[in-house]
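In case you want the letters, here they are:
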Amino acid sequence: MIYSKEVENMCSVCKGAYHGPAPIPISGYTHGIGWCAPQQGACKLSLNVKDGVIQEALVETIGCTGMTHSAAMASEILPGKTILEALNTDLVCDAINTAMRELFLQIVYGRTQSAFSEGGLAIGAGLEDLGKGLRSQTGTLYGTVAKGTRYLELTEGYITKQYLDANNEVCGYEYVHLGKMMEAVKNGMDANEALKKFTGSYGRTTEEQGAVKAIDPRKE
């Protein structure tokens, strides 16, 4: 150890009470949001940490096409690493790296969502966040001054129809739950039957309820 001459000439003063550093929480499940340098895209990262080691990682991205492939790599990279190793690992995408930084801060300061539950949450909690069909809870809405709003995707699913009332205001919508539909098709159900089975609606969608017309939000 090398000391400057000024420090070498100092006398020693003993430290009194020593409480030690606050430990990193042993186990915790938490979420964090990150963004890329040009702020073109974002990542929601969810980690389940047990005994200081990442056991489960859910990587959800929105933005450029490349970040989806970065997320694929991050989902392989993160499990099995300590949170410090993960912080010092290139997770390929700026947004994912930033999300990891935010999660690290939450974990080391004991602010995880399961900070007060013994042992944290079961591994698999990330899948529960996605719900049935295992799809991210996303919303895609588009609007212009000239033509108003277009509903493209909401929590319920892919929007196929947008219902308007007599004032041309949105009063309801029809959707397809793509996760459930694709699962049914994969299990052998006819695609048209699956489409019909997993199509639903929300709001006022009939003439009796005040819906005057339906539009295809992607074409009309």
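Look up a bit, the structure's there.
To keep things clear, this report deals only with the structure shown in the data block. (Residues numbered from 1 in each chain as written. Predicted model: local features only at pLDDT ≥ 70, side-chain atom pairs only at ≥ 80, totals over all residues. Heavy atoms only, no water.)

On to the nonpolar core. Taken as a class, soluble globular proteins show a tendency for nonpolar side chains to be buried jointly. With 22 residues, the main nonpolar core has Leu45, Leu47, Leu78, Ile96 and Met100 as its most contacted residues. Going through the elements one at a time, strand S2 (42–50), strand S3 (53–62), helix H2 (66–77), helix H3 (83–87) and helix H4 (94–108) are the ones with two or more residues in this core. Looking at this core element by element, the count peaks at 7 residues for H4. If we ignore the near neighbours within four places in the chain, the residues touching Leu47 are Gly28, Tyr29, Thr30, Ile54, Glu56, Ala57, Leu78, Met100 and Leu103. If you look at the next biggest cluster of nonpolar residues, it comprises 5 residues, including Met181, Ala184, Ala194 and Phe198. (Core = buried A, V, L, I, M, F, W, Y, C linked by side-chain atoms within 4.5 Å. Buried < 20%, exposed > 50% of the residue type's maximum accessible area, 1.4 Å probe, protein only. Helix = DSSP H or I, 4+ residues; strand = E, 2+ residues; numbered from the N terminus. Contact = heavy atoms within 4.5 Å.)

Further remarks concern H2. Along its 12 residues, H2 runs 17 Å from first to last C-alpha, staying within 8% of the 16 Å computed at 1.5 Å per residue. Every buried residue of H2 is listed here: Met67, Ser70, Ala71 and Ala74. The buried side chains of H2 occupy one side of the element, clustering within an arc of 105 degrees when seen end-on. Along H2, exposed side chains directed more than 90 degrees from the buried face belong to His69 and Glu76. (Expected span 1.5 Å × (residues − 1). Arc of directions from axis to C-beta.)

The next subject is the pairing of S3. Two strands pair when backbone bridges link them, and S2 and S3 are joined in this way by 9 bridges, in the antiparallel orientation. Bridge assignment links Asn48 to a residue of S3, and that residue is Glu56. In textbook terms, the turn of a hairpin is the stretch between consecutive antiparallel strands, and for S2 and S3 this stretch comprises 2 residues, one of which, Asp51, has a positive phi near 50 degrees. (Pairing = 2+ DSSP bridges.)

Here we come to the pattern of salt bridges. One pass over the full model with this rule turns up 6 salt bridges. Measuring nitrogen to oxygen at the nearest pair gives 3.8 Å for the salt bridge that ties Glu60 to Lys44. In this pair, Glu60 is assigned in strand S3 and Lys44 in strand S2, connecting sequence segments 16 residues apart. The class of Lys44 is partly exposed, set by a relative accessible area of 31%. Among the ionic pairs, Glu153 bridges to Arg135, the shortest N-O distance being 2.9 Å. Of the two residues, Glu153 sits in strand S5 (residues 148–154) while Arg135 sits in the loop between helix H5 (125–130) and strand S4 (140–144), which places them 18 residues apart along the sequence. A residue is classified by how much of its surface remains accessible, and Arg135, at 33% relative accessible area, is partly exposed. (Salt bridge = Lys/Arg side-chain N within 4 Å of Asp/Glu carboxyl O.)

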